[in-house]
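The primary structure of each chain is shown beneath.
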Amino acid sequence: MPSAPLQLTAKDFKSDQEVRWCPGCGDYAILAAMQGFLPELGIPRERIVFVSGIGCSSRFPYYLDTYGMHSIHGRAPAIATGLSVTRPDLQVWVVTGDGDALSIGGNHLIHALRRNVNLKILLFNNKIYGLTKGQYSPTSEVGKVTKSTPAGSADYPFNPISLALGAEASFVARTIDSDRKHLTSVLRAAAEHQGSAFVEIYQNCNIFNDGAFEVLKDSETRDNYLIRLEQGQPLRFGSEGQFAVTHPANSFGLTVEDSASAEPLVHDATQEDPAYAFALSRLAGPDLRYTPVGVFRSVSRPSYDKLVRDQLEKAKAKASDNPAQDLASLLNSGDTWTIL
Amino acid sequence: MTAPKHVEQLDRVVIRFAGDSGDGMQLTGDRFTSETAQLGNDISTLPNFPAEIRAPAGTLPGVSSFQVAFADYDILTPGDAPNVLVAMNPAALKANLSEVRKGATIIVNTDEFTKRNLQKVGYDSNPLEDDSLAGYDVHPVGLTSMTLRALADHPISKKDAERSKNMFALGLLSWLYSRPYESTMSFLERKFASRPELVAANKAAFSAGWSFGETTEGFAVRYEVKPARMEAGNYRNITGNTALALGLVAAGVRSELTIFLGAYPITPASDILHELSKHKKLGVITVQAEDEIAAIGAAIGASYGGALGITTTSGPGVALKGESISLAVALELPLVIIDVQRAGPSTGMPTKTEQADLNMALFGRHGEAPVAVIAPQSPADCFYAALEACRIAITYRTPVILLSDGYVANGSEPWLLPEVSDLPDLRTTFAQAPNGEDGKFYPYLRDPQTLARPWAPPGVAGLEHRIGGLEKADKTGDISYDPANHDFMVRTRAARIEAIEVPDIEVEDPSGTANVLVLGWGSTYGPIGAASRALRQRGLNVAQAHLRHLNPLPRNLGQVLGRYDKVVIPEMNLGQLAHVIRARYLIDVVAYNQVSGMPFVSGQLESMLEEVIKNA
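The rules we used
- Residues numbered from 1 in each chain as written.
- Chains lettered and ligands numbered in written order.
- Predicted model: local features only at pLDDT ≥ 70, side-chain atom pairs only at ≥ 80, totals over all residues.
- Heavy atoms only, no water.
- Contact = heavy atoms within 4.5 Å.
- Buried area = accessible area lost by both parts, 1.4 Å probe.
- Salt bridge = Lys/Arg side-chain N within 4 Å of Asp/Glu carboxyl O.
- Polar contact = N/O pair within 3.5 Å; in protein donor to acceptor, adjacent residues only side chain to side chain.
- Nonpolar A, V, L, I, M, F, W, Y, C, P; charged D, E, K, R; others polar.
- Pairing = 2+ DSSP bridges.
- Helix = DSSP H or I, 4+ residues; strand = E, 2+ residues; numbered from the N terminus.
- Domains from an automatic or database assignment.
- Phe/Tyr/Trp six-rings, centres within 6.5 Å; stacked < 30°, edge-to-face > 60°.
- Buried < 20%, exposed > 50% of the residue type's maximum accessible area, 1.4 Å probe, protein only.
- UniProt positions renumbered as here; feature names shortened; annotations may be inferred.
- Axes fitted to C-alpha atoms, helices over the stretch in contact; angles between N-to-C directions.

Trainee: An account of the interface of chain A and chain B is requested, with residue identities and associated values reported.
Mentor: In this assembly, 58 residues from chain A lie in contact with 70 residues from chain B. For the pair chain A and chain B, the summed buried area comes to about 5,400 Å², and 62% of that belongs to carbon and sulfur atoms. Taken as a group, A:Tyr67, A:Leu331 and A:Trp337 account for 16% of the area that chain A buries against chain B, more than any other trio of residues on that side. Run the count over chain A and chain B and you get three salt bridges. Among the salt bridges present, the one from B:Arg466 reaches A:Asp65, with a minimum N-O distance of 2.9 Å. Across the contact surface, chain A and chain B share 27 residue pairs in polar contact (both at pLDDT 80 or more). The residue makeup of the side of chain A that touches chain B, split by class, is 26 nonpolar, 17 polar and 15 charged. Strand direction decides the pairing type here: strand β2 (residues 67–70) of chain A and strand β17 (residues 466–468) of chain B, joined by three bridges, are parallel. Its bridge partner being in β17(B), A:Gly68 is matched across the sheet by B:Arg466.

Trainee: Explain the domain arrangement of chain A to me, and be specific about the residues and the numbers.
Mentor: Residues and elements named next belong to chain A. Annotation of chain A at the domain level lists domain 1 (10–232 + 267–305) and domain 2 (235–266). Computed from C-alpha atoms alone, the centre-to-centre distance between domain 1 and domain 2 is 27 Å. Between domain 1 and domain 2, the contact holds 13 residues from the first and 13 residues from the second. Counting the surface lost from both domain 1 and domain 2, the interface buries some 1,000 Å², and carbon and sulfur atoms represent 74% of this. The largest contributions to the domain 1 side of the interface with domain 2 come from Asn224, Leu283 and Tyr290, which together make up 38% of the buried area. Here domain 1 and domain 2 share zero salt bridges between them. Counting residues per element, the ones that place at least two in the side of domain 1 that touches domain 2 are α8 (222–225), β7 (226–229) and α9 (275–281).

Trainee: Just give me the short version of the packing of aromatic side chains, but keep the residues and values in it.
Mentor: Residues and elements named next belong to chain A. If you walk through the whole model with that rule in mind, you get 25 aromatic pairs over all chains. Aromatic side chains Phe50 and Phe60 sit 6.0 Å apart centroid to centroid with 55 degrees between the ring planes, which places their arrangement in the tilted category. Taken as a pair, Phe50 in strand β1 (residues 48–52) and Phe60 in the loop between β1 and β2 lie far apart in primary sequence, ten residues in all. Taking the relative accessible area as the measure of exposure, Phe50 reaches 0% and is therefore buried. Using a relative accessible area of 0% as the deciding quantity, one classes Phe60 as buried. Geometrically, the ring pair formed by Phe237 and Phe243 is tilted, given 5.2 Å between the ring centres and 35 degrees between the ring planes. Across this residue pair, the class does not change: Phe237 and Phe243 are buried. Among the aromatic residues, ring-to-ring pairing joins Trp21, Tyr28, Phe37, Phe50, Phe60, Tyr63, Trp93 and Phe124 into one connected group.

Trainee: Pulling in residues and values, what's your account of the UniProt feature "domain: Thiamine pyrophosphate enzyme TPP-binding" (unreviewed entry) in chain A?
Mentor: Within this structure's numbering, the places UniProt gives as "domain: Thiamine pyrophosphate enzyme TPP-binding" (unreviewed entry) are residues 54–201 of chain A. Across residues 54–201 of chain A, helical content stands at 32% and strand content at 20%; the span's end C-alpha atoms are separated by 17 Å.

Trainee: Would you mind going over the sheet that holds strand β3 (residues 42–48) of chain B in detail, with residue names and values included?
Mentor: Residues and elements named next belong to chain B. Strand order in the open sheet made by the six strands is β3-β4-β2-β5-β6-β7, with mixed pairing throughout. The outermost strands of the open sheet, each flanked by one partner alone, are β3 and β7 (137–141). Averaged over all adjacent pairs, the angle separating strand axes in this sheet is 15 degrees, with direction ignored. Across nine bridges, strand β2 (residues 12–20) lies against strand β4 (residues 63–71) in antiparallel orientation.

Trainee: Give a detailed account of the sheet that holds strand β10 (residues 259–263) of chain B, specifying residues and quantitative values.
Mentor: All names here are of chain B. Taken together, seven strands build an open sheet; the order of strands is β11-β10-β12-β13-β15-β14-β21 and the sheet is mixed. Each edge of the open sheet carries a strand with a single partner, namely β11 (285–288) and β21 (549–551). Within this sheet the neighbouring strands show an average axis-to-axis angle of 20 degrees, counted without direction. Relative to strand β12 (residues 308–313), β10 runs parallel, the two being bridged by five bridges. For Ala263, the partnering residue across the bridge sits in β12 and is Thr312. Those strands touched by helix α11 (residues 292–304) are β10, β12 and β13 (335–341), and its axis lies near 165 degrees from that of β12.

Here it is, written out as structure tokens:
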């Protein structure tokens, strides 16, 4: 008998734990968007798992009434890999931050992406260490003055989208904490993707790095800063539609032309060659002009758990239906002899 | 036609095959061992090779050797000193001669004793021509040239022909010790299946070596070692690493859980990954992770999902996994960490053995993070130790560290194959329904006997819960910073490891009157046992006890130790178990320590114990 379709609501995904982020933190908006989005999936709560590392963002699993693990710093993608490979029936989300994913856990992130493990990885990027009270992060801009860099940081930041593309990610997207509609649409696309889906979420830390993304949010500026990527749509933006993303003939990269007549590129995230998505990821300068949001890349590649399971199924086809007997044959294989 | 040669009976022989890393000595030793096993001798082997894959040819650091002892009685070690040394070049002779008994047989490949090769290892004159080998029974044999002559008509390159010289040597030794060669023939057919010309060439080289033994006047006597009296049953020769891998596969079958291995390649543990990756048919999943931390992380994730997570490594890897082991302690999930110990610190001597990770296994984590620790005592015992590690992990939902080492991992011995139905039943149950009287699910509500919490993999409706590394409130598992709760949880985590049921330690003391107890753990079992036997044969009484469980220790250990005037603890470290025993039982012990990267020589333990007994 077919079961009735799941009728869950956002409330079903709220756990009984008191949320302990600072008032005004961007994480609240992301949590609310996630709780609002999850019922849409039609997946029962017990089949959803959130795995996180350490940091403000990584408290996320405690607040969702699904299965969840708040693990250790940087290791969530590794832990989630073991879970995803052994339990393909689950939908596994990884929640991480710029320090967790790009500093201490950088290695696990890139390898999860190249393997195309079936994980939805949400990187909350606030360009600062929040939980340790305000040191610069690997996405902080050069010269960032923080508690640990009173004279300004000397290191050059990562561009998380470029990094994910370089790590062979099959799905790469960016969104913003305060734009619930856009955030939800990106979560939806990520959830539908088979394999690793990497989503960078610009998230405001109102205590240690307030307003880091303000130009992308303020109604006065955002239209002239944001490029909304939509599959099959021309890359024309601006308050008056005055900007066009074009590909100059003499360049490997893309550029933004302030011209109503320029012919904009048409966005296609499904291109096999990641060069286009990479070029998009390089458009924004330190002042965040011009920041693409949406899906940069979405290509189809067999996920790691599927390839592993295919091998397993192929091998198991040769097994008898009696594991004890197969084990006995294995133990007795090779050069054996009998003592009477 | 030569006259049939005189056949002499021996009860025990120790042969060491030594050559350049590229000479195939490990393979030659393996084959000789397999032939010997077929004959029903008891055997014990000791491979010894450099960390470099191909150190410069002909140099001392490039020497690789394989020692095999075989006897018509049960033996415990690969032997202290070889009776036979096969030296494929001057470096092999120089590197091994000091360990060879006077009067021993030395077979040398004269073709390699060139001026240049002699100079390379610092021989001023040719030892085959001066009197430096006086007192040995030296057999100069042109192994390379005779192999080349034997293969002159074979359609293979000169290089391939030269490489067959190890088969010539194997043929000669197989003749000398009357070994059956059928298994080697079928091995060659398997190994070179895709290149029939190499099968033929290697077989021909083997036959040439055999025939050379038969016809040459250089070997007047041929030897036989009768089968040992061993328990009836089916046997195979097995290395510790293979036995360990099979033990894990067996644990999967007996627990009906998926075995999941997360591993990063590291000497001397990689063979376990190689072996397990072959057993997908039995549902084993292996992931070669990007690093040691990812390897254990994936294993934790798999255990969380209801598989049995395993990670295999050596000391440097355990150090990297420390934080993750602490996480598993906090999560209270089953996890097996296998440490095939090697000589440290740092990279140390990766292919050499040591027992110096005991402190790390017992204490090497932040916070109060106790885990169960066990150690196998011989290659075949690795199978049962793996099952025991899995039993503890599954029953008590705890990380278990299994301390193997390079000596048992690469060494081999005959293994009496068990019946699958005799192996322990490791089945467990997952949480399926709320466990609270109020109808709620409490992830940290414990079983009153084992103190284990429910194993509740995702997928069951109504049991949704969150766990993590933050301190948890008793029963609910919710985040808690309450001081009294933390104190309670720390004590409970310690108590649940202490509560693990482990068998009492048994003492072997045939006389029942010994005043001295020798206590060991792990791979020292063989040399300690051999030394104890030798002492008893000489009328000296010594009691021997060996620890499999290092945490928790057997309940009766303190009582046992108290019965003896002296307790001696030989270890391949600077006294790590000795520290534990002194601290725990407030008794002094005699610590006897060696950290040479090589296993104890039983003769050396015998002399040391004799001194202690005489002064007791």
